[in-house]
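Reading the structure
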Amino acid sequence: MRLRHLIVSVLLPLAAGGCAGSQSALDPQGPNAASLAWLIGAFTIVCGIVWLLVMIVVGVALLRRRGAAEPADTPLAEDPGRERRKGAVVLAAVLATVVIVTGLTVISYLATHSLTAASGEPLVVRLRGYQWWWEVTYTSPSPDRFVTSANEIRVPVGRPVRLELSAADVIHSFWVPSLAGKQDLIPGRDNQLTFTAERPGIYRAQCAEFCGVQHARMALVVVALPPDEFAAWLDGQLRDAATPANEEEAAGREVASGKACAACHTIRGTPAAGTLGPDLTHVASRQTIAAGTLPTTRGSLAAWIADPQGVKPGNKMPMVPLSADELRAVSAYMASLK
Amino acid sequence: MKRRAALVMAVAMLVGCQREQRDLRLDPPVAAALDQVAPTANGIGGAPPDVYVALGGPYESNAYNLGEGKRLYTWFNCKGCHADGGGASGPALMDGWWRYGADPVSLFVSLRDGRPNGMPAYRDKLTTEQIWQLVGYVQTIGMASATTAAPSRNDEMQSRPAENRAPAAADLPTPPSR
Ligand SMILES: [Cu+2]
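Note that this is a predicted model, so its numbers are computed, not measured.

Examining the nonpolar core
Of all hydrophobic cores here, the largest spans 37 residues; its most connected members are A:Leu127, A:Tyr138, A:Ile153, A:Leu163, A:Phe174, A:Phe195 and A:Val222. Of all the elements, strand 10 (residues 219–225) of chain A adds the most residues to this core, at 6 residues. One finds B:Cys78, B:Val105, B:Val109 and B:Ile141 within the second-largest nonpolar core, a separate group that totals 28 residues.

Remarks on a nonpolar patch on the surface
Among the surface-exposed residues, A:Val50, A:Trp51, A:Leu52, A:Val54, A:Met55, A:Val58, A:Leu62, A:Leu63 and A:Ile100 lie close enough to one another that they form a single nonpolar patch of about 870 Å² accessible area. Considering each element in turn, the nonpolar patch owes the most residues, 8 residues, to helix 2 (residues 31–63) of chain A.

Focus: unusual backbone geometry
Residue and element names in this part refer to chain A. For the bond running from Gln131 to Trp132, omega is 0°, close enough to zero to count as cis. Tracing the backbone through its elements, the reader meets Trp132 in the loop between strand 1 (123–130) and strand 2 (133–138). Non-glycine residue Asn151 carries a positive phi angle of around 55°.

Quick word on the interface of chain B and chain A
At the interface, 15 residues of chain B touch 17 residues of chain A. Interface of chain B and chain A: buried area, both sides summed, is about 1300 Å²; carbon and sulfur atoms make up 66% of it. Contact with chain A buries surface across chain B, with B:Leu24, B:Arg25 and B:Trp75 losing the most and accounting together for 39% of the total. Across the chain B-chain A interface, the total number found is 2 salt bridges. For A:Lys316, the salt bridge identified is with B:Glu68, shortest N-O distance 3.3 Å. Counting every contact that joins chain B to chain A gives 3 residue pairs in polar contact (both at pLDDT 80 or more). For the side of chain B that touches chain A, the leading source of residues is helix 5 (residues 63–75) of chain B, giving 4 residues. A per-class count over the side of chain B that touches chain A returns 7 nonpolar, 2 polar and 6 charged.

Observations concerning the domain arrangement of chain A
Interfaces are often sized by the amount of accessible area the parts lose when they come together. Residues and elements named next belong to chain A. What the domain assignment reports for chain A is domain 1 (24–64 + 83–114), domain 2 (123–237) and domain 3 (247–335). Using C-alpha coordinates to define each centre, domain 2 is positioned 22 Å away from domain 3. Contact residues are listed per partner, giving 19 residues for domain 2 and 20 residues for domain 3. Taken over both partners, the interface formed by domain 2 and domain 3 buries close to 1600 Å², and the fraction arising from carbon and sulfur atoms is 49%. Together, Trp133, Arg217 and Gln237 form the three largest contributors to the area buried by domain 2 at its contact with domain 3, with a combined 29%. Here domain 2 and domain 3 share 0 salt bridges between them. Taken together, the connections running from domain 2 to domain 3 amount to 11 residue pairs in polar contact (both at pLDDT 80 or more). For the side of domain 2 that touches domain 3, the secondary-structure elements that each account for two or more residues are strand 3 (147–150), strand 4 (152–156), strand 10 and helix 4 (227–238).

Thoughts on the coordination of the copper ion
Within the protein, the copper ion binds to A:Cys207 (SG), A:Glu209 (O), A:Cys211 (SG) and A:His215 (ND1); these donor distances fall in the range 1.9 to 2.6 Å. Counting gaps between the donor residues of the copper ion yields the pattern C-x1-E-x1-C-x3-H.

Brief notes about the packing of aromatic side chains
Under the counting rule described, the total for this entry stands at 9 aromatic pairs over all chains. Seen from their ring centres, A:Trp134 and A:Phe174 are 6.0 Å apart, and the 85° between their planes marks the pair as edge-to-face. A residue pair is termed long-range when its members are at least 10 positions apart, and A:Trp134 in strand 2 and A:Phe174 in strand 6 (residues 172–175) qualify at 40 residues. Judged by its relative accessible area of 0%, A:Trp134 is buried. You can call A:Phe174 buried: its relative accessible area is 0%. Their ring planes at 25° and their centres at 4.5 Å tell us that B:Phe108 and B:Trp132 sit as a pair that is stacked. On the criterion of sequence distance, the pair formed by B:Phe108 in helix 7 (residues 104–113) and B:Trp132 in helix 8 (residues 128–141) is long-range, its members being 24 residues apart. In this structure, B:Phe108 and B:Trp132 share a single accessibility class: buried. A network of ring pairs unites the aromatic residues B:Tyr52, B:Tyr59, B:Phe108 and B:Trp132 as a single cluster.

Cut-offs used in this document
For every chain, the first residue of the written sequence is number 1, and numbering continues from 1 along that sequence. Think of it this way: whatever chain is written first is A, whatever ligand is written first is 1, and the rest follow in order. Residues qualify for local features only when their pLDDT is at least 70, as the model is predicted, and side-chain atom pairs are given and counted only at 80 or more; totals for whole chains, interfaces and linings, by contrast, use all residues. With hydrogens and water excluded, all non-hydrogen atoms of the structure serve as input to the side-chain values. Residues belong to a common nonpolar core when they are buried Ala, Val, Leu, Ile, Met, Phe, Trp, Tyr or Cys residues joined through side-chain atoms within 4.5 Å. Only protein chains enter the area calculation, which uses a 1.4 Å probe; residues under 20% of their type maximum are buried, those over 50% are exposed, and those in between are partly exposed. Under the DSSP-based scheme used, a helix requires at least four consecutive residues in state H or I and a strand at least two consecutive residues in state E, with every element numbered from the N terminus. Each patch groups residues whose relative accessible area exceeds 30% and which form no salt bridge, using 9 Å between like charges and 5 Å between nonpolar side chains of Val, Leu, Ile, Met, Phe, Trp and Tyr. Here the open area of atoms and residues is found with the Shrake-Rupley method and a 1.4 Å probe, where only the protein chains shown may cover a residue. Note on definitions: salt bridges are taken to be side-chain nitrogens of Lys or Arg within 4 Å of carboxyl oxygens of Asp or Glu. Throughout, a contact is declared for two residues whenever any of their heavy atoms are within 4.5 Å. When two parts are brought into contact, each loses some accessible area as probed by a 1.4 Å sphere; the total of that loss over both is the buried area. Any N or O atom pair separated by 3.5 Å or less is treated as a polar contact, with the protein-specific requirement of one donor-capable and one acceptor-capable atom, and with residues adjacent in sequence counted only for side-chain atom pairs. Residue polarity is assigned by list, with Asp, Glu, Lys and Arg as charged and Ala, Val, Leu, Ile, Met, Phe, Trp, Tyr, Cys and Pro as nonpolar; anything else, Gly included, falls into the polar class. These domain boundaries are the output of an automatic or database domain assignment. Coordination here is defined by N, O and S atoms within 2.8 Å of the metal (3.2 Å for Na, K and Ca), and since water is not considered, a site can look incomplete. Working definition: rings of Phe, Tyr and Trp (its six-membered ring) pair if their centres are within 6.5 Å, and the pair is stacked with planes under 30 degrees apart, edge-to-face with planes over 60 apart, and tilted otherwise.

Structure, rendered in structure tokens:
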């Protein structure tokens, strides 16, 4: 009774909940993910049927009674009719295996082939993996319209997106299950991944290749927007950082450009031009900070800046000693960088 | 005899469980105290802060700290002026010859406050902990004797003997007397 309770109350919702949501290969939101989900389904069904048949045959063989006519003491005695039947069974099994394996190979070829066939001019986005965050650069035919951001990819609905994947240090892997399959980011070698989002929404993605202590906290979100909203958002991202609206924010800008922060972070429109950490020009417009570790609020920005090693131990941002006033000012400033 | 062998094995296995401690989060008061070096008047030599001694000099003997120092050496473009330790527009750091002293305090002051003939000050670019990590690393690239710890291996081609192949300095010609 207890056990059944446990199964019903814990395992069932878990199993069912695993199928839907913002990060699920079984709940596809674009053609690539759909063909992969179809492939997973087809393989599961075909292999399931084969497994069932094999189990049935094994069961029958185990349970079948030995016939009275079977002379156990002359096992090598030949019976031509029997031999023929055995031969036919083996032949049928071999043929079925060949047909099934060929069939699975063909559908898997067709499904993976369709992944690279995109229609229309793709939006090219460069995604570079660092230990343990993502740099996102939106390219454009004119170089002055390149935008660098981090830990969040925004894409227009219905238009194919080609990600150009590279890595700065070790191998990472980009996986957004609701939209596409995995693709590795390899130092010194450029990879590509093309996908299309069919519906507006927020899809969670994650690093899928162990890359060091904070691999688990190396996530990002893919936000699919209607094309006009995307264009407006991209124009906003092209602008320099917001100017401080009050004294506190102005003091915060002084901290961000005078302290060590400026050696690692870029805030366009200020002297801060480091390239070792995420671009902070519009940090407050992103949903999360530190690669999906915390939601972007003034409080979590302050918590992160005050003690990055407490929030995400081992990450590459050091604790920069700040006074309480400096911390308050710099987190107000960061929260204003919409 | 058997008992003794078992005991030795047990001790060996226990020692094998020992893992190097990584200090990821230096407490702010310790970091502040580590900044209190007492260099001599000309900025060469001097006394390390008491905490440095109390901590047991973790920046020269801890592989994690050395590895971080190695990363920072590339990140903060020390390579741009000192190359892989062999020297370019900045002096060589591995020839065993130092303009401002080879001891940790001199190196710390070289990095934090800069030096007059073109070494920039990193006071506002690096934290105290990072400067110490670099000091530890700079000491390993030209070391004359083996230490028990080494940073991670190079990702690029080696332009000099690896840090864990001491003594590296012994392979080099004697530095010119300047
Ligand atoms: Cu990873």
